[in-house]
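Chain and residue survey
Residue-level listing of the chains:
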Amino acid sequence: MTTQTPASPALRTPPAAPAEAAAFFAARLAFQADVSDVHASLDSGAPGFVLLDSRGDAGWRQGHVPGAIHLPTADIPARAGSLLDPAVPVVTYCWGPGCDGATRAALALAQLGYRVKEMIGGIEYWIREGFPVETVAGTERRAADPLTVPVGSVSCAC
């Protein structure tokens with residue numbers, strides 16, 4: 001009697017064909033940017049986009065990315081035209097991976113004709129990677145979380 005090894009749980013659904021996978025991953029990169037790339041872009045002085053914090057007032061006051069503009073998702077239809085240049089791409093963020101507020105904000109902006117990406121990880125991963133945050137008390141920076149970023153390195157070098 002021969003005993004077969006059960007299929008790998010990770011491969012119960014087999015990987016897509018290479019061309020399909022390439023299209024999927026290229027699309028993800030067209031729709032998303034990670035916090036490290038957003039930080040590097042902002043640090044360059046010429047990011048090529050506007051960073052938009054889509055959280056409510058309490059979240060904004062608690063701490064936000066320096067240089068971001070505050071436009072809660074619910075206010076986008078009424079206020080985007082007076083705050084954003086349609087020729088400049090927008091990168092949205094909200095709380096973090098457990099929140100789809102940045103996705104809703106990106107959708108609202110796209111429906112208004114803006115080119116938009118979502119910053120994956122949100123303010124949570126911005127803070128966890130040790131990047132500065134503006135608060136009502138000023139700018140602060142916490143130590144990087146070694147579970148999310150190499151300590152003492154500028155980037156993950158991926």
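This text goes with the structure placed above it.
So, here is what we can say about the structure in this document. (Residues numbered from 1 in each chain as written. Predicted model: local features only at pLDDT ≥ 70, side-chain atom pairs only at ≥ 80, totals over all residues. Heavy atoms only, no water.)

The next point concerns the sheet that holds strand E1 (residues 32-34). The strand order E1-E5-E4-E2-E3 describes an open sheet built from five strands, whose pairing is parallel. This sheet does not close on itself; its edge strands, each paired only once, are E1 and strand E3 (69-70). Note that E1 and strand E5 (residues 116-120) share three bridges and pair parallel. Residue pairing for E5: Gln 32 is matched across the bridge by Glu 118. Sheet strands touched by helix H2 (residues 35-43): E1, strand E2 (50-53), strand E4 (90-93) and E5. Its angle to E1, the strand with the most contacts, is close to 80 degrees. (Pairing = 2+ DSSP bridges. Helix = DSSP H or I, 4+ residues; strand = E, 2+ residues; numbered from the N terminus. Contact = heavy atoms within 4.5 Å. Axes fitted to C-alpha atoms, helices over the stretch in contact; angles between N-to-C directions.)

With 15 residues, the main nonpolar core has Val 38, Leu 51, Val 65, Tyr 93, Met 119 and Trp 126 as its most contacted residues. Those elements giving two or more residues to this core turn out to be H2, E4 and helix H6 (122-128). With residues up to four places along the chain from it excluded, the contact list for Val 38 reads Ala 33, Phe 49, Leu 51, Val 91, Met 119 and Trp 126. (Core = buried A, V, L, I, M, F, W, Y, C linked by side-chain atoms within 4.5 Å. Buried < 20%, exposed > 50% of the residue type's maximum accessible area, 1.4 Å probe, protein only.)

The next subject is the side chain of Arg 55. Examined against the element boundaries, Arg 55 turns out to sit in the loop between E2 and helix H3 (57-62). For Arg 55, the residues in contact, after removing those within four places along its chain, are Trp 60, Gly 63, His 64, His 70, Pro 72, Tyr 93, Cys 94, Trp 95 and Ile 123.

This brings us to the pairing of E4. Alternating positions in E4 separate into two faces, Val 90 and Thr 92 on one and Val 91 and Tyr 93 on the other, with burial throughout. In terms of strand pairing, E2 meets E4 through four bridges, oriented parallel. Bridge pairing in E4 places Leu 51 opposite Val 91. Relative to E5, E4 runs parallel, the two sharing three bridges. By the bridge assignment for E5, Val 90 is matched with Val 116. Viewed along the sheet, the connection from E4 through helix H5 (residues 101-111) into E5 turns out right-handed. (Right-handed = clockwise from strand over helix to strand, strands pointing away.)

What follows deals with the pattern of salt bridges. Throughout the structure, instances matching the rule amount to six salt bridges. As a salt-bridge pair, Asp 100 and Arg 104 come within 2.1 Å of each other at their nearest N and O atoms. For Asp 100, a relative accessible area of 43% corresponds to the partly exposed category. Across the salt bridge formed by Asp 145 and Arg 128, the nearest N and O atoms sit 2.7 Å from each other. With Asp 145 in the segment after strand E7 (138-140) and Arg 128 in helix H6, this residue pair connects regions lying 17 residues apart in the sequence. When its relative accessible area of 23% is taken as the criterion, Arg 128 is described as partly exposed. Through salt bridges with shared partners, a single ionic network connects Glu 124, Arg 128 and Asp 145. (Salt bridge = Lys/Arg side-chain N within 4 Å of Asp/Glu carboxyl O.)

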